[in-house]
Amino acid sequence: MDEVIQVTQWFSSITPRKKAKLFFFTTHADAPTPMVGSNDVDTHEETQLPLATTVALHNFKNIDEFLKKKVDTFSCYNVIENEITKTDYEYLRFYSACKYLDVVPPFLDLEKKSAIQNKFEMTDEERDYRLLLDSADLVLEKVCDSLKPAGVSQMWTALRKDRNLIRGVKTIEIIGFFVDPNPTGIKECLFFFIVRHLQMIKKINRVNTNRLERLIAQCDESSACEEGKTIDFIIDSLRFYPTELYPFGFCLIMCVIEGRDGAMQEIEKTMEISRHLGMITHTEKNPTKETIELVKKELMKPKYQFYSSFTCWFMSHGDSNSIVLADGETIEREWFLTSFPDISTFQLKPKVFFMVSCRGANKFSLKGDEFEGQSATCDYYDIGSALIRNRMLDITDSVRDISYVQPMMDTLVAYSTILDHLSGRADTHGSIYVDRACVLMSENISRGRSLTEILEHLSQDLHEILQETMDEDRIVYKQACHYDSFFRKTLKLPYTQYPKEDVQSAPQ
């Protein structure tokens, strides 16, 4: 069949609502296009123009032309070996969006997709189309689906009234002040225009969504929300780190085995829980400083920008300031923790570190006959008011900025013990902290729990367990864990538990 006919038939099979979403996903704000890192408003407005005209004219002609141009570009595109281009990113984004919306063009060359993924050095697991979708855009899609046309219209009215949000933007005037968002697909186009506009003028990004939340908060709940949804529900959905769909993130497991009984058990447990959480996992046994540097270099590769989160388990011996590597060398714990969060591929994404090692030799010892012989170390257990607000500072948009971010922001560091204290181990099963952390995370998948809730439960659970030193004194003691958080949103565990076989046979 002639390709022109195939393209025409493909367009005619896509609903207006899906066309709006395909345009939104394809113009992903974080993709390496001229949109990103540029102050050229005209470039941004050119991207917004099809949405603006569609809303104003109730006609999808310009969106159709935009998508057809993409298809034509991809049809003629020759994949260049080694060098990763802007079109490579766009091809993968377009394909994943089509796959997600179930509108994959029959004429799209999947061999080109595979060749592009080869350039990104993607493993079989990483070729799952869901990795290529931006989780922040998926959250925004769900927000849109939760709003009625009247709700999006009310957001538009609120935006138009704020001169700081519309000054000097030509596409705003194309749409006009009063909008009828009721025709099929127009609500989506208007909502996505608002979102991309706020991103364009640097008022929101994947972490900072306060300005969007404030627009939604001005809506009338009785007319704005779809059945079963509320304004609070919609706003709350924006206050979690976006980690939609598989994979939940990338997990790095580093474990010193030499001189650490039960270390292999630690690796098995952390690998199993990361798989159940839907993470793609890489393990480094007996890491050295050279290993750490190589891993950091690896994480700078472009493919890692597709991940929604980063988790690292580091298990070794240590003292108050340092962790001991496989070759006996030590590195400053602080150096390790501050060198990873600054990696650009994981900017504005949650980064979690589980630091499992002693931080000294002190023990919270328990004395008395009733504690003798009771420990888990050797005997392993298998188990806003408006009135108040008016008196507060008026923090205007002019003194807010989301462009510059401290490297440690969006990072959480969980320690297996408090400063200057031991971190206990079982003779054959390794770290008790690792064991309890994995058990509690596994038990709470699909329950809507956040990571910090799990860590608080872990603190309680671990501190109930009696442990015993492995020296001749056999002192019974308790261990206390804690965490330091620089999170700006809540990180929830996924709602789906992924068996290993599901991860290995993930859809391409």
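Keep in mind the model is a prediction, meaning the values are calculated, not measured.

## Quick word on the environment of Ala326
Phase 1: On the secondary structure map, Ala326 appears in the loop between β4 (322-324) and β5 (330-332).
Phase 2: Residues Ala326 and Pro287 lie 39 residues apart in sequence; the distance between their C-alpha atoms is 5.7 Å.
Phase 3: Apart from the residues lying within four places of it in its own chain, the contact partners of Ala326 are Val256, Asn286 and Pro287.

## A word on helix α20 (residues 432-444)
An α-helical turn contains 3.6 residues, so a residue and the one three or four places further along point in the same direction.
Phase 1: Look at α20: 18 Å from first C-alpha to last across 13 residues, which is about the 18 Å you get at 1.5 Å a residue.
Phase 2: The buried fraction of α20 is high, at eleven of 13 residues.
Phase 3: N-cap assignment for α20: the residue whose side-chain oxygen lies 3.2 Å from the backbone N of Tyr433 is Ser431.

## Some details on the packing of helix α2 (residues 16-26) against helix α5 (residues 86-101)
Phase 1: α5 packs onto α2 with a crossing angle of 150° between their chain directions and a minimal axis gap of 9 Å. Relative to α5, α2 is oriented roughly antiparallel. Crossing hand, α2 versus α5: right-handed. On α5, the residues that touch Lys18, Lys21, Leu22, Phe25 and Thr26 of α2 are Phe94, Ala97, Cys98, Tyr100 and Leu101.

## Here we look at the packing of helix α12 (residues 186-200) against helix α13 (residues 210-217)
Phase 1: Contact geometry of α12 with α13 gives a least axis separation of 10 Å together with a crossing angle of 145°. Pair α12 / α13 crosses with right-handed handedness. For the pair α12 and α13, contact is made by Ile194, Val195 and Leu198 and by Arg211, Leu212 and Leu215, respectively.
Phase 2: Its residues placed into classes, the contact of α12 with α13 shows five nonpolar, no polar and one charged.

## Re the pattern of salt bridges
Between side chains of opposite charge, a pair can form when the charged atoms approach closely.
Phase 1: Evaluated as defined, the whole model comprises 27 salt bridges.
Phase 2: In this structure, the salt-bridge partner of Arg160 is Glu173, at a minimum N-O distance of 3.6 Å. With Arg160 in helix α9 (residues 149-161) and Glu173 in helix α11 (residues 170-175), this residue pair connects regions lying 13 residues apart in the sequence.
Phase 3: Accessibility expressed as a relative area gives 11% for Arg160, which makes it buried.
Phase 4: Assessed through its relative accessible area of 51%, Glu173 is described here as exposed.
Phase 5: Here Arg436 ties to Asp435 by a salt bridge, and the two come within 3.3 Å at their closest N and O atoms.
Phase 6: Taking relative accessible area as the criterion, Arg436 reaches 5% and is therefore assigned buried.
Phase 7: Assessed through its relative accessible area of 6%, Asp435 is described here as buried.

## Describing the nonpolar core
Phase 1: Ranked by internal contacts, the top residues of the largest apolar core, which has 100 residues, are Trp10, Phe191, Phe336 and Phe340.
Phase 2: Counting only domains with at least three residues in this core, you end up with domain 1 (1-29 + 42-239) and domain 2 (249-364 + 406-486).
Phase 3: Apart from residues lying up to four places away in sequence, Phe191 is in contact with Leu140, Val143, Cys144, Leu147, Val152 and Met155.
Phase 4: By size, the runner-up hydrophobic cluster in this structure holds 37 residues, among which are Tyr241, Ala414, Leu458 and Leu462.

## Here's the deal with the pairing of strand β3 (residues 310-315)
Phase 1: β3 sits mainly inside the fold: six of its six residues count as buried.
Phase 2: The alternating pattern of β3 places Phe310, Cys312 and Phe314 on one face and Thr311, Trp313 and Met315 on the opposite face, and all of these are buried.
Phase 3: Pairing of strand β1 (residues 249-255) with β3 involves six bridges; the strand directions are parallel. Note that in β3 the partner of Leu252 across the bridge is Cys312.
Phase 4: In this structure, β3 lies alongside strand β6 (residues 351-356), joined through six bridges in parallel fashion. The residue of β6 that forms the bridge with Met315 is Val356.

## Let's talk about the pairing of strand β8 (residues 411-415)
Phase 1: With respect to burial, β8 is a largely interior element, five of its five residues being buried.
Phase 2: Every second residue of β8 is oriented toward a common face, with Thr411, Val413 and Tyr415 on one face and Leu412 and Ala414 on the other, all of them buried.
Phase 3: Judged from the five bridges that link them, β6 and β8 form a sheet pairing that is parallel. Paired with Val352 across the two strands is Leu412, which belongs to β8.
Phase 4: The pairing of β8 with strand β13 (residues 482-485) spans four bridges and is antiparallel. The residue of β13 that forms the bridge with Ala414 is Tyr483.

## A word on the UniProt feature "domain: Caspase family p10" (unreviewed entry) in the protein
Phase 1: Taking the UniProt record as the reference, the feature "domain: Caspase family p10" (unreviewed entry) is found at residues 410-443.
Phase 2: In the segment residues 410-443, helix accounts for 35% and strand for 26%; the C-alpha atoms at its two ends are 25 Å apart.

## Comments concerning the environment of Tyr304
Phase 1: Within the secondary structure, Tyr304 sits in the loop between α17 (289-299) and β3.
Phase 2: For the pair Tyr304 and Met122, spaced 182 residues apart in the sequence, the C-alpha separation amounts to 9.5 Å.
Phase 3: Not counting chain neighbours up to four residues away, the residues in contact with Tyr304 comprise Glu126, Phe250, Glu298, Leu299, Thr345, Phe346 and Lys349.

## Focus on the packing of aromatic side chains
Phase 1: For the structure on display, the rule yields 29 aromatic pairs.
Phase 2: Geometrically, the ring pair formed by Tyr304 and Tyr307 is stacked, given 5.7 Å between the ring centres and 20° between the ring planes. Here the two residues Tyr304 and Tyr307 agree in accessibility, since each one is buried.
Phase 3: Taking the ring centre of Trp335 as reference, the NZ or CZ of Lys289 above it sits at 5.0 Å.
Phase 4: Between Arg359 and the ring centre of Tyr415, over which it is positioned, the NZ or CZ distance is 4.1 Å.

The rules behind each value
- Residues numbered from 1 in each chain as written.
- Predicted model: local features only at pLDDT ≥ 70, side-chain atom pairs only at ≥ 80, totals over all residues.
- Heavy atoms only, no water.
- Helix = DSSP H or I, 4+ residues; strand = E, 2+ residues; numbered from the N terminus.
- Contact = heavy atoms within 4.5 Å.
- Expected span 1.5 Å × (residues − 1).
- Buried < 20%, exposed > 50% of the residue type's maximum accessible area, 1.4 Å probe, protein only.
- Polar contact = N/O pair within 3.5 Å; in protein donor to acceptor, adjacent residues only side chain to side chain.
- Axes fitted to C-alpha atoms, helices over the stretch in contact; angles between N-to-C directions.
- Parallel < 35°, antiparallel > 145°, perpendicular 65-115°, else oblique.
- Left-handed = near helix turned anticlockwise from the far one by under 90°.
- Nonpolar A, V, L, I, M, F, W, Y, C, P; charged D, E, K, R; others polar.
- Salt bridge = Lys/Arg side-chain N within 4 Å of Asp/Glu carboxyl O.
- Core = buried A, V, L, I, M, F, W, Y, C linked by side-chain atoms within 4.5 Å.
- Domains from an automatic or database assignment.
- Pairing = 2+ DSSP bridges.
- UniProt positions renumbered as here; feature names shortened; annotations may be inferred.
- Phe/Tyr/Trp six-rings, centres within 6.5 Å; stacked < 30°, edge-to-face > 60°.
- Lys NZ or Arg CZ within 6 Å of the ring centre and 35° of its normal.

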